[in-house]
Number of protein chains: 2
Amino acid sequence: MRMGQGVEWALHCCLNLAWTGTPVPASRLAALYDLPPAYLNKQLQALVRAGLCESVPGPRGGFRLARPPGEVSLLDVVVALEGPEDAFRCTSILAAGPGGDPGADYPDTCAISLSMRRAELAWRRELAARSLADVSDDVLRHTPGAADRVRDALTA
Amino acid sequence: MRMGQGVEWALHCCLNLAWTGTPVPASRLAALYDLPPAYLNKQLQALVRAGLCESVPGPRGGFRLARPPGEVSLLDVVVALEGPEDAFRCTSILAAGPGGDPGADYPDTCAISLSMRRAELAWRRELAARSLADVSDDVLRHTPGAADRVRDALTA
DNA sequence: GATTTGATACTCGGATAGGACTTGTCCGAGTTGGTGAGG
DNA sequence: CCTCACCAACTCGGACAAGTCCTATCCGAGTATCAAATC
C-alpha cells in the first residue's frame, strides 16, 4: 500500500502556489526541489483536471490555484492524484463461498469490507478537515519567513 | 494508492481459521472462494512470518491461528502483508528548497508530513481497535450459521 | 511617436519508453499417516 | 495380536515468469511578448 510520489510534490507545490498567487510554470516549481520538470508537469495536469488548479499557457504562464487555499483540502489533492477508489477493494469473494449469494451486495454488507471502509473513512475525514490554509498557518507559525522566501524564489 | 488483493483473502481466511481452530491447508481455503491456491499459500506464509499464524507440514497439516481471535487485530493482518511503512512517504524535498536544512528531520517537522501522518494514525487506530473476534461477532449476529457452514466446508 | 505585423520564445498537453512492484505459477524439502511384514 | 520399518501421499516453502501500474522523458499545439517596420 504505497502512495504515489507525486502526492508529496503536489502538496508542496499547492502550498507554494497559495503563497505566490500568480501563475508559476512547472519548470520553476521543479527547480525549487530538484524534481523532474516534465513529470511534475504531469502531476499538475491532474490537479487541473480535478479543478484544483488552472493552467495558463504561453510566456508569463504556468499554474495557479483555482480556489482560495481555505477551500482546498488535503483530501482533494490526494484524490486528484490517486483516484477516488478505496485502497481496500472488496471483490465479493464471499459470493463463491458456502452460503454465498451471487446477487448480494457484499461491498456494503460484508463485515470485513465495512470494517475496512470505516477505517478509510476516518482517514478521509482527517484529510478533508485540513485545508491548505490550515497547513500554511502551521508552517508560518513555526517559520514565519517561509512564504516570503518561496515567493521570492518563484517570482524572481 | 491501492492495497494488495491478498489482504482481502487473508482477512477472510483468518476469520475462517478462527472458526475452525484446527489446521487447514491453503488448497482447501482457496477452494472455498475459487482463489489461486499457490498464491494464497504465499500470502499465508507472510502471516506466519509475522507471527499471526502457525504452519503445520505434512498430511493433516495446514495453517492455524497462532493467537486467540481476540488478540489479532485487522491492523496486524494488513501490516503483515503490506509492510509497516506509511503510505505517504516524506522524502524531505524541503531540504533542497530555499531555506532548506539538509540535517533537519523533515519527516517529523514538515507540516505536510505531519498532517498526512496524523490521518494515517487515525486509520491505523480504527484497524487496531477491531479484532477478528469483533468481526466474527458482527458476522454471527447477522448470519448465525456462517461459522458452522465454513467449519463443515473446511473440515469435510 | 503610435500602430501594425511578424517572428520568437515560452508554456502546457498528451503520446511514448523504462523500471518496480504486484500477481501468478512451478517444483523441491520435510513430515505425517498408513501399510505390510515380522515377531 | 503387537511392534517395527518402509513407503507413499500430502503439506509448506522458496525460487521462477507474466502483467500492471508508477516513473520518467520527449516532442508538438497554442499563446503572449517583444522587436522591427510602417504610417
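Scroll up to find the structure this text is about.
It should be emphasised that the depicted structure is a prediction, and the values quoted were computed from it without experimental measurement. (Residues numbered from 1 in each chain as written. Chains lettered and ligands numbered in written order. Predicted model: local features only at pLDDT ≥ 70, side-chain atom pairs only at ≥ 80, totals over all residues. Heavy atoms only, no water.)

(A) Spotlight on the overall build of chain A. Secondary structure assignment for chain A yields eight helices and two strands. The N-to-C order of helical and strand elements in chain A reads α-α-α-β-β-α-α-α-α-α. Taken over C-alpha atoms, the radius of gyration comes to 20 Å for chain A, far larger than the 15 Å a tight globule of 156 residues would show. For chain A, the proportion of its 156 residues judged to be buried stands at 45%. Per element, the accessible surface of chain A, about 7,300 Å² overall, is 52% carbon and sulfur. (Helix = DSSP H or I, 4+ residues; strand = E, 2+ residues; numbered from the N terminus. Rg over C-alpha atoms; globule rule 2.2 N^0.38 Å. Buried < 20%, exposed > 50% of the residue type's maximum accessible area, 1.4 Å probe, protein only. Areas by Shrake-Rupley, 256 points an atom, 1.4 Å probe, with all protein chains shown as cover.)

(B) Broad picture of the side chain of Arg-130 of chain A. Of note, Arg-130 of chain A is situated in the loop between helix H6 (111–128) and helix H7 (132–142). On the accessibility criterion, Arg-130 of chain A (17% relative accessible area) is buried. Among the polar contacts listed, one links the side chain of Arg-130 of chain A to the side chain of Ser-115 of chain B, at a separation of 2.9 Å. In contact with Arg-130 of chain A, other than residues within four places in its own chain, are Val-72, Ser-73, Leu-74, Val-135 and Asp-138 of chain A together with Ser-115 and Arg-118 of chain B. (Polar contact = N/O pair within 3.5 Å; in protein donor to acceptor, adjacent residues only side chain to side chain. Contact = heavy atoms within 4.5 Å.)

(C) Highlighting the relation of the copies chain A and chain B. Overlay of chain A on chain B (RMSD 0.0 Å): rotation 180°, translation along the axis 0.0 Å. In the structure described here, the two chain copies are related by an operation that fits a two-fold rotation axis. Using C-alpha coordinates, one finds that chain A approaches the rotation axis most closely at Trp-123 of chain A, a distance of 2.5 Å. (Least-squares fit on C-alpha atoms with pLDDT ≥ 70 in both.)

(D) Fine view of the protein's contact with DNA strand C. Close to DNA strand C lie 25 residues, the nearest being Ala-26, Gln-45, Ser-55 and Phe-63 of chain A together with Gln-5 of chain B. Sugar and phosphate atoms form 63% of the subset of DNA strand C atoms that lie within 4 Å of the protein. For DNA strand C, a phosphate oxygen lies 3.4 Å from a polar atom in the side chain of Arg-49 of chain A. Only helix H3 (37–49), strand E1 (53–56) and strand E2 (62–65) of chain A together with helix H1 (5–20) and helix H3 (37–49) of chain B provide two or more residues apiece to the surface near DNA strand C. (Near = heavy atom within 4 Å.)

(E) Main features of the protein's contact with DNA strand D. Around DNA strand D, 23 residues are found, and the nearest of them are Gln-5 of chain A together with Gln-45, Ser-55, Gly-58 and Phe-63 of chain B. Counting only the atoms of DNA strand D that lie within 4 Å of the protein, the sugar and phosphate share comes to 57%. With respect to DNA strand D, the side chain of Arg-49 of chain B contributes an N or O atom lying 3.5 Å from a phosphate oxygen. In the environment of DNA strand D, a sugar or linking oxygen lies 3.1 Å from a nitrogen or oxygen atom belonging to the backbone of Gly-58 of chain B.

(F) Broad picture of the packing of aromatic side chains. All names here are of chain A. Evaluation of the coordinates by the stated rule reveals two aromatic pairs over all chains. Ring centres of Trp-9 and Tyr-39 lie 5.6 Å apart, and the angle between their planes is 85°; this geometry places the pair in the edge-to-face category. Of this pair, Trp-9 sits in helix H1 (residues 5–20) while Tyr-39 sits in helix H3, and the two are 30 residues apart along the sequence. A residue is classified by how much of its surface remains accessible, and Trp-9, at 8% relative accessible area, is buried. (Phe/Tyr/Trp six-rings, centres within 6.5 Å; stacked < 30°, edge-to-face > 60°.)

(G) Expanded view of the pairing of strand E1 (residues 53–56) of chain B. Residues and elements named next belong to chain B. Summarising the sheet, E1 and strand E2 (residues 62–65) pair through four bridges and their orientation is antiparallel. Opposite Val-56, over in E2, you have Gly-62 as the bridge partner. In textbook terms, the turn of a hairpin is the stretch between consecutive antiparallel strands, and for E1 and E2 this stretch comprises five residues, one of which, Gly-58, has a positive phi near 80°. (Pairing = 2+ DSSP bridges.)

(H) Spotlight on the packing of H1 of chain B against helix H7 (residues 146–155) of chain B. Residues and elements named next belong to chain B. One way to put it is that H1 packs onto H7 with a least axis distance of 9 Å and a crossing angle of 85°. As judged from the angle between their axes, H1 and H7 are roughly perpendicular. Between H1 and H7, the contacting residues are Asn-16, Trp-19 and Thr-20 on the first element and Ala-146, Ala-147, Val-150, Arg-151 and Leu-154 on the second. Here the residues of the contact of H1 with H7 sort into five nonpolar, two polar and one charged. (Axes fitted to C-alpha atoms, helices over the stretch in contact; angles between N-to-C directions. Parallel < 35°, antiparallel > 145°, perpendicular 65-115°, else oblique. Nonpolar A, V, L, I, M, F, W, Y, C, P; charged D, E, K, R; others polar.)

(I) Inspection of the packing of helix H2 (residues 26–33) of chain A against H3 of chain A at higher detail. Residues and elements named next belong to chain A. Contact geometry for H2 and H3: axes closest at 9 Å, N-to-C directions at 120°. When the axes of H2 and H3 are compared, the crossing they make is right-handed. Across from Ala-26, Ser-27, Leu-29 and Ala-30 in H2, the residues of H3 making contact are Pro-37, Leu-40, Asn-41 and Leu-44. The residue makeup of the contact of H2 with H3, split by class, is six nonpolar, two polar and no charged. (Left-handed = near helix turned anticlockwise from the far one by under 90°.)

(J) Layout of the environment of Pro-84 of chain B. Residues and elements named next belong to chain B. The residue Pro-84 is located in the loop between helix H4 (74–82) and helix H5 (111–128) in this model. Judged by its relative accessible area of 57%, Pro-84 is exposed. Once the C-alpha coordinates of Pro-84 and Arg-64 are considered, the two residues, 20 residues apart in sequence, prove to be 23 Å apart. Residue contacts for Pro-84: discarding those within four places in its chain leaves Val-79 and Arg-124.

(K) Examining the interface of chain A and chain B more closely. With 49 residues of chain A in contact, the opposing surface of chain B contributes 49 residues. Here chain A packs against chain B, burying approximately 4,700 Å² in sum over the two surfaces, 70% of which is carbon and sulfur. On the chain A side of the contact with chain B, Met-1, Arg-89 and Ile-93 of chain A bury the most area, a combined 17% of that side's loss. At the junction of chain A and chain B, the tally comes to zero salt bridges. At the boundary of chain A and chain B, one finds 10 residue pairs in polar contact (both at pLDDT 80 or more). For the side of chain A that touches chain B, the secondary-structure elements that each account for two or more residues are H1, H2, helix H4 (74–82), H6, H7 and helix H8 (146–155) of chain A. The dominant element in the side of chain A that touches chain B, judged by the number of residues it contributes, is H6 of chain A, at 11 residues. Among the residues making up the side of chain A that touches chain B, the classes are represented as 30 nonpolar, eight polar and 11 charged. (Buried area = accessible area lost by both parts, 1.4 Å probe. Salt bridge = Lys/Arg side-chain N within 4 Å of Asp/Glu carboxyl O.)

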